[in-house]
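# Commentary on secondary and tertiary structure
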Amino acid sequence: MVIIVKWQKTPPSSPIFSRKFVVAIVVLIIFVVYIANVGKMMSVDNEGGHITVITDGTNAEKFRTTPNSCQPKDNVLFLKTHKTGSSTITNILNRYGDLHNLTFVLPQVGFYNFYWPLSFENSFIADLRGKRPNILCNHARWNRNTMKELMGKDAVFITILRNPVSQFESTFSYMEFANLLGIQATKNPLVTFFEDPNRTMAKMSDISTAGSVFPYLNFLKNGQSFDLGLESAQFLWIKR
């Protein structure tokens, strides 16, 4: 048996490919040279807060920088709103506080919030043992004067808000309002609720004190505004 093996030479490189390769190499060299020259033309004066740029080989222009414009804040009150992604922010603040050995304002033993839905008071917090508070980030209803007195003048006050429509849908489902309002058997409880909110709410034993029967019912009227200190009684249902 005879085995015949044919060897085939690799075809020469295409002239077009060769030209593209050469052009790419040239562009790369130009780029490297340009970056090197930029480094020579620019110097940074850290103490003076300036960047000096030589524009034409002889003239120099100075541009003021603000290297210290962003400073860490150790005293922070985060008003934790409901169903807005606020737990993510709270976890970030918890880790930041742990890392820097900061003092947290915590609720009384046995509570995970500051007696929400009541307006925040200093009596709601656990004993600080004489330490100055740095971070408050559990659920609390806004009380401007009390919170500022507690956290100090140099504290930063922040919160997080969400599109009211998606926030309401999320709250309605999470709090199981359909079951509480007795409309869980309908095809779409959320649609049923909005067809006539007053009639649906009237199913509660005492609509005037519904908030005390089930505190989270306050979310049915501008829940984020309620967290920010406004009373649900200040909002009226708009009849179509």
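Heads up: the structure comes first, above all this text.
Since we're looking at a predicted model, the values are computed, not measured.

Calculation criteria
Residues numbered from 1 in each chain as written. Predicted model: local features only at pLDDT ≥ 70, side-chain atom pairs only at ≥ 80, totals over all residues. Heavy atoms only, no water. Helix = DSSP H or I, 4+ residues; strand = E, 2+ residues; numbered from the N terminus. Buried < 20%, exposed > 50% of the residue type's maximum accessible area, 1.4 Å probe, protein only. Contact = heavy atoms within 4.5 Å. Areas by Shrake-Rupley, 256 points an atom, 1.4 Å probe, with all protein chains shown as cover. Pairing = 2+ DSSP bridges. Axes fitted to C-alpha atoms, helices over the stretch in contact; angles between N-to-C directions. Lys, Arg positive; Asp, Glu negative; His and termini not counted. Salt bridge = Lys/Arg side-chain N within 4 Å of Asp/Glu carboxyl O. Core = buried A, V, L, I, M, F, W, Y, C linked by side-chain atoms within 4.5 Å. Phe/Tyr/Trp six-rings, centres within 6.5 Å; stacked < 30°, edge-to-face > 60°. Lys NZ or Arg CZ within 6 Å of the ring centre and 35° of its normal.

### Describing the overall build of the protein
Helix and strand content of the protein: nine helices and six strands. Looking at the protein as a whole, 30% of its 240 residues qualify as buried. Relative to all contacts within the protein whose residues are 6 or more apart in sequence, the contacts with residues 24 or more apart total 54%. Surface summary for the protein: the accessible area is close to 17,000 Å², and the carbon and sulfur share equals 59%.

### A look at the sheet that holds strand S4 (residues 76-79)
Across the sheet, which stays open at both edges, the three strands sit in the order S5-S4-S6 with parallel pairing between neighbours. Pairing within the sheet leaves two strands with one partner each, and these edge strands are strand S5 (135-136) and strand S6 (156-159). With four bridges connecting them, S4 and S6 associate as parallel partners. Directly across from phenylalanine 78, in S6, lies its bridge partner isoleucine 158. Packed onto the sheet, helix H2 (residues 86-99) meets S4 and S5 and runs at close to 160° relative to S4. The strands touched by helix H3 (residues 144-151) are S4, S5 and S6; relative to S4, the strand with the most contacts, the crossing angle is about 150°.

### Side note on the side chain of lysine 80
Following the sequence through the fold, lysine 80 ends up in the loop between S4 and H2. With no salt bridge to any partner, buried lysine 80 finds its closest opposite charge in aspartate 227, at an N-O distance of 9.1 Å. In this structure lysine 80 touches Ser86, Ser87, Thr90, Cys137, Asn138 and His139, once residues within four positions along its chain are discounted.

### Examining the nonpolar core
Most often, soluble globular proteins keep nonpolar side chains buried together rather than apart. Of all hydrophobic cores here, the largest spans 15 residues; its most connected members are Phe172, Phe177, Leu181, Phe193 and Leu220. Those elements that provide at least two residues to this core are helix H4 (164-174) and helix H5 (177-181). Tallying contributions element by element places H5 first for this core, with three residues. In contact with phenylalanine 172, not counting residues within four places along its chain, are Phe177, Ala178, Ile183, Pro189, Leu190, Phe193 and Leu220.

### With respect to unusual backbone geometry
Glycine aside, residues mostly have negative phi angles, and peptide bonds mostly take the trans form. In this structure, proline 117 follows tryptophan 116 across a cis peptide bond, with omega equal to 15°. Position of proline 117 relative to the elements: it lies in the loop between H2 and S5. Within the chain, tyrosine 115 stands out as a residue other than glycine whose phi angle is a positive 55°. The topology assignment puts tyrosine 115 in the loop between H2 and S5. Judged by relative accessible area, tyrosine 115 falls into the partly exposed class, the value being 28%. Within the chain, glutamate 176 stands out as a residue other than glycine whose phi angle is a positive 55°. Within the secondary structure, glutamate 176 sits in the loop between H4 and H5.

### Here's the deal with the pattern of salt bridges
Oppositely charged side chains can form a pair if their charged atoms are brought close together. Under the criterion given, the structure shown has two salt bridges. Linking arginine 132 and aspartate 154 is a salt bridge whose minimum nitrogen-to-oxygen distance equals 2.5 Å. With arginine 132 in the loop between H2 and S5 and aspartate 154 in the loop between H3 and S6, this residue pair connects regions lying 22 residues apart in the sequence. For glutamate 231, the salt bridge goes to arginine 141, with nearest N and O atoms at 3.4 Å. Here arginine 141 lies in the loop between S5 and H3 and glutamate 231 lies in the segment after helix H9 (223-227), a separation of 90 residues in the sequence. Judged by its relative accessible area of 2%, arginine 141 falls in the buried class.

### Quick look at the packing of aromatic side chains
Scanning the entire structure with this criterion turns up 13 aromatic pairs. Aromatic side chains phenylalanine 168 and phenylalanine 194 sit 5.2 Å apart centroid to centroid with 50° between the ring planes, which places their arrangement in the tilted category. Separated by 26 residues along the polypeptide, phenylalanine 168 in helix H4 and phenylalanine 194 in helix H6 (residues 189-195) bring together distant segments of the chain. Of the residues examined, phenylalanine 168 reaches a relative accessible area of 12% and is grouped as buried. Among the aromatic residues, those joined into a ring-pair cluster are Phe111, Phe114, Tyr115, Phe120 and Phe124. If you follow arginine 141 out to its NZ or CZ, it ends over the ring of phenylalanine 226, 3.8 Å from the centre. Over the ring of phenylalanine 157 we find lysine 148, and its NZ or CZ is 6.0 Å from the ring centre.

Worth remembering: the numbers are spatial, not functional.
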